[in-house]
There are 4 protein chains.
Amino acid sequence: MSTASAFTPVRVAILGASGYTGAELMRLLLRHPRVRITALTGERAAGKPVADVFPHLAPYDLPALTKIADVNWDDVDFVFCGLPHGTTQEVIAGLPAHVRVCDLSADFRLFNVDTYAEWYGHAHKAVDLQETAVYGLSEVAREQVATARLVANPGCYPTASLLPLLPLLKDGLISADDIIIDAKSGVSGAGRDAKQGSLYCEVAEGMHAYGIASHRHAPEIEQGLGWAAGRGDIRIAFTPHLIPMNRGMMATTYVRLKDGVDVASLRTSLEKAYAGEAFVKVLAPGVGPQTRHVAGSNLSLINVFADRIPGRAILVSVIDNLMKGASGQAVQNFNIMNGFDETLGLDVVPVFP
Amino acid sequence: MSTASAFTPVRVAILGASGYTGAELMRLLLRHPRVRITALTGERAAGKPVADVFPHLAPYDLPALTKIADVNWDDVDFVFCGLPHGTTQEVIAGLPAHVRVCDLSADFRLFNVDTYAEWYGHAHKAVDLQETAVYGLSEVAREQVATARLVANPGCYPTASLLPLLPLLKDGLISADDIIIDAKSGVSGAGRDAKQGSLYCEVAEGMHAYGIASHRHAPEIEQGLGWAAGRGDIRIAFTPHLIPMNRGMMATTYVRLKDGVDVASLRTSLEKAYAGEAFVKVLAPGVGPQTRHVAGSNLSLINVFADRIPGRAILVSVIDNLMKGASGQAVQNFNIMNGFDETLGLDVVPVFP
Amino acid sequence: MSTASAFTPVRVAILGASGYTGAELMRLLLRHPRVRITALTGERAAGKPVADVFPHLAPYDLPALTKIADVNWDDVDFVFCGLPHGTTQEVIAGLPAHVRVCDLSADFRLFNVDTYAEWYGHAHKAVDLQETAVYGLSEVAREQVATARLVANPGCYPTASLLPLLPLLKDGLISADDIIIDAKSGVSGAGRDAKQGSLYCEVAEGMHAYGIASHRHAPEIEQGLGWAAGRGDIRIAFTPHLIPMNRGMMATTYVRLKDGVDVASLRTSLEKAYAGEAFVKVLAPGVGPQTRHVAGSNLSLINVFADRIPGRAILVSVIDNLMKGASGQAVQNFNIMNGFDETLGLDVVPVFP
Amino acid sequence: MSTASAFTPVRVAILGASGYTGAELMRLLLRHPRVRITALTGERAAGKPVADVFPHLAPYDLPALTKIADVNWDDVDFVFCGLPHGTTQEVIAGLPAHVRVCDLSADFRLFNVDTYAEWYGHAHKAVDLQETAVYGLSEVAREQVATARLVANPGCYPTASLLPLLPLLKDGLISADDIIIDAKSGVSGAGRDAKQGSLYCEVAEGMHAYGIASHRHAPEIEQGLGWAAGRGDIRIAFTPHLIPMNRGMMATTYVRLKDGVDVASLRTSLEKAYAGEAFVKVLAPGVGPQTRHVAGSNLSLINVFADRIPGRAILVSVIDNLMKGASGQAVQNFNIMNGFDETLGLDVVPVFP
């Protein structure tokens, strides 16, 4: 199966292609009319065909996996970097200057390198590069993304959380000091490494919270909220939960309204912020977003509800954690960086059931 | 398979035995050393053996299903009532006086009949009987349960929510005006009726919130909290979510601490309240309760965590919705009502995986 | 989101659009460059927008549901018919002559109307039309499909079973009298009607066989095998099983080799039969097909293995029951009928995980 | 929670207690009225409380994990051995003579040590001990089990497969040369080690065959069939499949009837063989066994069906792979070895849903 195009394709490398975000990038880029995949790396699987690590991709024409050290950079215009957190900074710092990068790790998401060091346990290894990075929440940072060389692709929880919160904070409708995010994720967010805690029998038919008040996505969310609120000291309640499903992410967010604000105002703010967006949809009043309704797509569904506690409201947002929460948004940012229509390669309808 | 006992057994009828709570009652009572099941009712399945509606119970010696009208009440000492909400009040009002009752429906849980009418859409049909009913959260109402003729078995969400909250409110450690309960339930809570929304393909591999700020368990939780706080006007945020798992329920509850209170005080209050309890366990600091660790058992696991927002804390509690959230607690109340050891028939170790 | 095309689109109606095969057709046709969906029918949901029955399609521009009686046939060139078995014959018989049809029901699959009557419990209602129908196993019947007015889209089990068996029978490599098909299906094959047996709690975390030696797909498979073997009296062992997964179908087929035939001969036959096919792939020796590796795609993966019993071999084949087993093959047939590239609209990469 | 008993308890050690069969043994033995657990071993987890490896057992009074070398054998009467295949022979050979053993590994199941070496890749390390071992399919080998010092607990697939086949072979009703076993297992059978292939995302929502014609349980099944048929050269078709469920195992077995034999004869043979058995139940004609109907229990459900191919029949049998397929049958054998009622500790009703 092939895709023809009259244009010179962008030659793309995926570093760390053997994980779930790598597979998802390949799924999207194989159909992208302006892309040719020229390199795929996997240090442990180097030398193997993609079919060995992803049998579902066996029918497709893809290069074999190589080590990063063996990539021919003359044949690469753009890098999607899906390496583990902590190893990415030095790798990206060592890439040739002509290569533009969308990094899916957390390594360049925190702009305060002290915050990075505090949460990730080691000093930042590419401070200069950090200063040039753009935090790529596409709908919010479209202009900066367009011209960036290095885009830090947002985390899954931050994407699901920030999309409904940012317009409300910017419009001054909610308090920044009482934001409670109860988040839920499918298991693919835990990655493909063999860990006992990710075994089917440890995950199926049950659920639990993890990283309570200590998850690394909390400072990333706080950074985004701080930007919208014009403050640097925001602290949120953030509790992620692991749900027995492959894909899907939901944030149920409890907010306190500013005086005189009601739920209708929040709805207006959200609808205004996302009018015309291809991938962010504010649902009709009363309709609850469901993760299964975005599975396999780059969509985010959002809604806002009145609360029983006076002066409070409830936001619900869903994404596919591998799509808008990772590889889908990465391709969206790739499109923006290359001046393409933002939906190129992302015209995938949700798969239901 | 049979169970011998030197004692005269309590003769038990289960009304509405063809649902999941009915099956769970049979699973427990078949092994209960002081019980003999003498009647099982199911209006649509009347005349059929239990094996026709529950093949997994085919190997056991159980009476065939009958209509309620055909039960021989001379052969019944105790009724577990698992009828649908709304049909129960009249049925129980018509039972002979010698029969004691544990009702698993919502029909006798709300003590204010106006509140009942508001949330359930019709006037209460047994107001006198309501005044004699005891709300059977076993650990809290043990003494009243012991002598009650009619126990209203608490709902699943109220049980999961109230167990960690009640001691903290009674001890005056948290605000009653800022309680946010983000709750999650397995699918068996939706019952066994054929509904499109409960089909495997509509539920598996995805999740969603439902009844946002409008679920009928909200006033039931508020009633319990009001009792502990000595107030009648409490309003909570309560958001239930449907999780793709058969059993399991979790409440992640966000509370505001009273001045001078810290997380250690909450832990002390919880440990004191549940010291010596067979079924409620406060976990060691930092250990997150998981629904899969109580599956099939009557256990509730509770823990408390510091929050990133100053002055806030996070409570996590789990139960098996069919056990401590329904049939298990019903058997616990049955034991209390009959002066038995509270764990009789409930010595079932969690099934993992 | 929209799809542009320089060509006049084929105007398509989907009859019975509110089931899972209907949703899957919409997923595919929304992206098909040569299609415009002009009518969607659903008798019970008539008048509602698609978003009411399929919230995941809310972001797309689709006509509202109507009754079949209200379709404007002047605006329809092609019909995909997803009505329940038994209701389809009369509906299709009543369609205007200019409309070509791909029928996803079983109503036109059995060419012997007596066999139809025996298995479906009523006389065939459109015998003349039956004689014009083509059984649309695309890879096998490509030429007849191309010119047919009415294509009977094969059942899911027959598709999964026949693809590996037909070449072997045609090449005279296996016995037609000792074919044992042990088949497994995901739950979406049971449809979207509210049935207790399809509830999450009745299906998840367990499995069972059903329709043992009595499933209606058995005569359909036998008809296909008979065609390949040039005989009308073939009887097979066919045991379908229900597996707790949304999508996916597998046939593990046990065959007896003709004298002098070995597994390598079977492999050669299969590779020859499917060389150059876009959607049927014979895997490398030893690689086991997995349903998850075709999910969301129109692919079928096939392999053949030696057996421990001398003179026997084992065939394994997988498809996505909603794709190659229903809507995907229907679109493939649509492409063939219209002279389009067979992969148009079907360039969807499997979704994993 | 505790269990009282007027009898001197059997002091039990579980070697290799940190896997799923270990957890299941603890679930059963904690409630067994004649057992006291005095030692639990886990080489990597030595020194930790059980709660660290199995949080669901935290509420129970159990000894901490130790190394095997540190067990005080004066305090042990009986050993359940759940060590990995290959490491068990030497460990059991080194146990003190007064300790009786039920071994859940495959190390003592194959009585021909050459067959063992062929399938397990190394010479048997305890040949003398092997000669004293009893293959403990409880219903079949009750008398030998009663007096054995070492019982080799059967594998899960052999248990599910042999229960329906042995009576039919012994009664001479089916051919031994045309037995085709299509078997399906839940994921817990793959153990608790962290393997990529057992991750939720690699297993959920899909299925596949594995070890086709090469699984190590094939010679174990053939050994059992050979014993019943009085022959040593039986070869079967055996194809295991991995199903996305925690527990459950099913064997769909295709057999050829001897001349003059019909399905009714098979039923009579099975009913006679298992009349009075507590744990093996032949279902009523037409009722299909389902794995979910035995989950958590030691039951096996069996049925036999006519086939469409003349002269053939289909057997269906289900067990819970962790119960009758492992720990449940081990406790059953323990009861037999100690002269206890066979159902002691095994009176656990299936958990549904």
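Residues numbered from 1 in each chain as written. Chains lettered and ligands numbered in written order. Predicted model: local features only at pLDDT ≥ 70, side-chain atom pairs only at ≥ 80, totals over all residues. Heavy atoms only, no water.

- Under an unreviewed UniProt entry, the name given to chain A is N-acetyl-gamma-glutamyl-phosphate reductase, and the source organism is Niveispirillum cyanobacteriorum.
- Within the UniProt record for chain A, the comment given under Function (unreviewed entry) is "Catalyzes the NADPH-dependent reduction of N-acetyl-5-glutamyl phosphate to yield N-acetyl-L-glutamate 5-semialdehyde."
- Its UniProt record gives chain A a comment under Pathway (unreviewed entry), which states: "Amino-acid biosynthesis; L-arginine biosynthesis; N(2)-acetyl-L-ornithine from L-glutamate: step 3/4." (UniProt positions renumbered as here; feature names shortened; annotations may be inferred.)

### Quick word on the overall build of chain A
And then number 1: In terms of helices and strands, chain A carries 11 helices and 14 strands.
And then number 2: Its C-alpha atoms give chain A a radius of gyration of 20 Å, within 12% of the compact-globule value 20 Å for 353 residues.
And then number 3: The buried share of chain A, taken over its 353 residues, is 65%.
And then number 4: Sequence separation of at least 24 residues holds for 70% of the intrachain contacts in chain A that already meet a minimum separation of 6.
And then number 5: Counting every atom, chain A has about 11,200 Å² of accessible surface; 50% of that belongs to carbon and sulfur. (Helix = DSSP H or I, 4+ residues; strand = E, 2+ residues; numbered from the N terminus. Rg over C-alpha atoms; globule rule 2.2 N^0.38 Å. Buried < 20%, exposed > 50% of the residue type's maximum accessible area, 1.4 Å probe, protein only. Contact = heavy atoms within 4.5 Å. Areas by Shrake-Rupley, 256 points an atom, 1.4 Å probe, with all protein chains shown as cover.)

### Re the UniProt feature "active site" (unreviewed entry) in chain A
Residues and elements named next belong to chain A.
And then number 1: Mapped onto this numbering, the UniProt entry annotates "active site" (unreviewed entry) at C156.
And then number 2: Assignment of secondary structure puts C156 in helix α7 (residues 156–170).
And then number 3: The buried category is assigned to C156, whose relative accessible area is 15%.
And then number 4: Sequence-distant contacts of C156, defined by excluding residues within four places in its chain, comprise H217, M249, I319, N321 and G325.

### Here we look at the nonpolar core
And then number 1: F80(A), F80(B), F80(C) and F80(D) are the most contacted members of the largest nonpolar core, which has 284 residues in total.
And then number 2: Once you skip the residues sitting within four places of it in the chain, F80(C) turns out to touch V12(C), A13(C), I14(C), L15(C), L25(C), L29(C), C102(C), L104(C), A330(C), V331(C) and F334(C). (Core = buried A, V, L, I, M, F, W, Y, C linked by side-chain atoms within 4.5 Å.)

### What about the packing of helix α6 (residues 138–147) of chain B against helix α11 (residues 323–337) of chain B?
Residue and element names in this part refer to chain B.
And then number 1: Two numbers describe how α6 lies on α11: the axes approach to 9 Å, and their chain directions differ by 40°. Classified by the interaxial angle, the pair formed by α6 and α11 is oblique. Remark: the crossing between α6 and α11 carries right-handed chirality. Contact residues: S138, E139, R142, V145 and A146 in α6; K324, Q329, Q332, N333, I336 and M337 in α11.
And then number 2: When grouped by side-chain class, the residues that make up the contact of α6 with α11 number 4 nonpolar, 4 polar and 3 charged. (Axes fitted to C-alpha atoms, helices over the stretch in contact; angles between N-to-C directions. Parallel < 35°, antiparallel > 145°, perpendicular 65-115°, else oblique. Left-handed = near helix turned anticlockwise from the far one by under 90°. Nonpolar A, V, L, I, M, F, W, Y, C, P; charged D, E, K, R; others polar.)

### Looking at the relation of the copies chain A and chain C
And then number 1: For the match of chain A to chain C, the screw axis carries a shift of 0.0 Å, the RMSD comes to 0.0 Å, and the turn is 180°. The symmetry that links the two subunits is that of a two-fold axis.
And then number 2: Of the residues that chain A buries at the interface, 100% are likewise interface residues in chain C, meaning the two copies contact each other through the same surface. (Least-squares fit on C-alpha atoms with pLDDT ≥ 70 in both.)

### Here we look at the pattern of salt bridges
And then number 1: Summed over all chains, the structure comprises 100 salt bridges over all chains.
And then number 2: Its salt-bridge partner being D178(A), residue R312(A) comes within 2.7 Å of it at the nearest N-O pair. Of the two residues, R312(A) is situated in strand β14 (residues 312–319) and D178(A) in the loop between α7 and β8 (180–185); the sequence distance between them amounts to 134 residues. Taken as a pair, R312(A) and D178(A) share a single burial class, namely buried.
And then number 3: Here K184(B) and D182(A) are joined by a salt bridge, their closest N and O atoms 3.0 Å apart. Of this pair, K184(B) sits in strand β8 (residues 180–185) while D182(A) sits in strand β8, placing the two residues on different chains.
And then number 4: Classification of K184(B) by relative accessible area gives buried; the value is 0%. (Salt bridge = Lys/Arg side-chain N within 4 Å of Asp/Glu carboxyl O.)

### Comments concerning the state of the cysteines
Residue and element names in this part refer to chain A.
And then number 1: Taken as a whole and judged by the stated rule, the model has 0 disulfides over all chains.
And then number 2: Of all cysteine sulfurs, the one in C102 lies closest to C81, which takes part in no disulfide; the gap is 9.4 Å.
And then number 3: By relative accessible area, C81 is classed as buried at 0%. (Disulfide = S-S within 2.5 Å.)

### So, the domain arrangement of chain A
Residue and element names in this part refer to chain A.
And then number 1: Segmenting chain A into domains produces domain 1 (10–154 + 325–337) and domain 2 (157–321).
And then number 2: Taking only C-alpha atoms into account, the centre of domain 1 sits 24 Å from that of domain 2.
And then number 3: Each side of the interface is counted separately: domain 1 has 26 residues, and domain 2 has 28 residues.
And then number 4: Of the roughly 2,200 Å² buried between domain 1 and domain 2, counting both surfaces, carbon and sulfur atoms make up 51%.
And then number 5: Remark: the boundary between domain 1 and domain 2 carries 4 salt bridges.
And then number 6: Across the salt bridge formed by R247 and E24, the nearest N and O atoms sit 2.7 Å from each other.
And then number 7: Counting every contact that joins domain 1 to domain 2 gives 15 residue pairs in polar contact (both at pLDDT 80 or more).
And then number 8: Looking at which element gives the most residues to the side of domain 1 that touches domain 2, the answer is helix α11 (residues 323–337), with 5 residues.
And then number 9: A breakdown of the residues in the side of domain 1 that touches domain 2 according to their chemical character gives 12 nonpolar, 8 polar and 6 charged. (Domains from an automatic or database assignment. Buried area = accessible area lost by both parts, 1.4 Å probe. Polar contact = N/O pair within 3.5 Å; in protein donor to acceptor, adjacent residues only side chain to side chain.)

### Focus: the interface of chain A and chain C
And then number 1: Contact residues are listed per partner, giving 33 residues for chain A and 33 residues for chain C.
And then number 2: Taking both sides of the interface into account, the surface hidden between chain A and chain C amounts to around 2,900 Å²; carbon and sulfur atoms contribute 70%.
And then number 3: The interface formed by chain A and chain C holds 2 salt bridges in total.
And then number 4: Residue D347(C) is joined to R31(A) by a salt bridge in which the shortest nitrogen-to-oxygen separation is 3.4 Å.
And then number 5: Joining chain A to chain C, the criterion identifies 6 residue pairs in polar contact (both at pLDDT 80 or more).

### What about the pairing of strand β5 (residues 100–103) of chain B?
Residue and element names in this part refer to chain B.
And then number 1: Relative to β5, strand β4 (residues 78–81) runs parallel, the two sharing 4 bridges. Residue pairing for β5: F78 is matched across the bridge by R100.
And then number 2: Between the parallel elements β4 and β5, the chain passes through helix α3 (residues 88–93) in a crossover that is right-handed.
And then number 3: The sheet contact formed by β5 and strand β7 (residues 150–152) spans 3 bridges and is parallel. (Pairing = 2+ DSSP bridges. Right-handed = clockwise from strand over helix to strand, strands pointing away.)

### Things to note about the packing of aromatic side chains
And then number 1: Applying the stated criterion across every chain yields a total of 34 aromatic pairs over all chains.
And then number 2: Taking 5.6 Å as the distance between ring centres and 40° as the angle between the ring planes, the aromatic pair formed by F80(D) and F334(D) counts as tilted. Within this pair, whereas F80(D) is found in strand β4 (residues 78–81), its partner F334(D) is found in helix α11 (residues 323–337), the two being separated by 254 residues in sequence.
And then number 3: F80(D) gets classed as buried once you look at its relative accessible area, which sits at 0%.
And then number 4: The residue whose ring lies beneath R34(A) is F7(A), and the NZ or CZ to ring-centre distance is 3.8 Å. (Phe/Tyr/Trp six-rings, centres within 6.5 Å; stacked < 30°, edge-to-face > 60°. Lys NZ or Arg CZ within 6 Å of the ring centre and 35° of its normal.)

### A word on the sheet that holds strand β8 (residues 180–185) of chain D
Residue and element names in this part refer to chain D.
And then number 1: Pairing is mixed across the open sheet formed by 7 strands, whose spatial order is β9-β10-β8-β11-β14-β13-β12. Of all strands in the sheet, those bounded by a partner on one side alone are β9 (208–209) and β12 (280–282).
And then number 2: Note that strand β13 (residues 300–306) and strand β14 (residues 312–319) share 6 bridges and pair antiparallel. The partner of F305 across the bridge, within β14, is I314.

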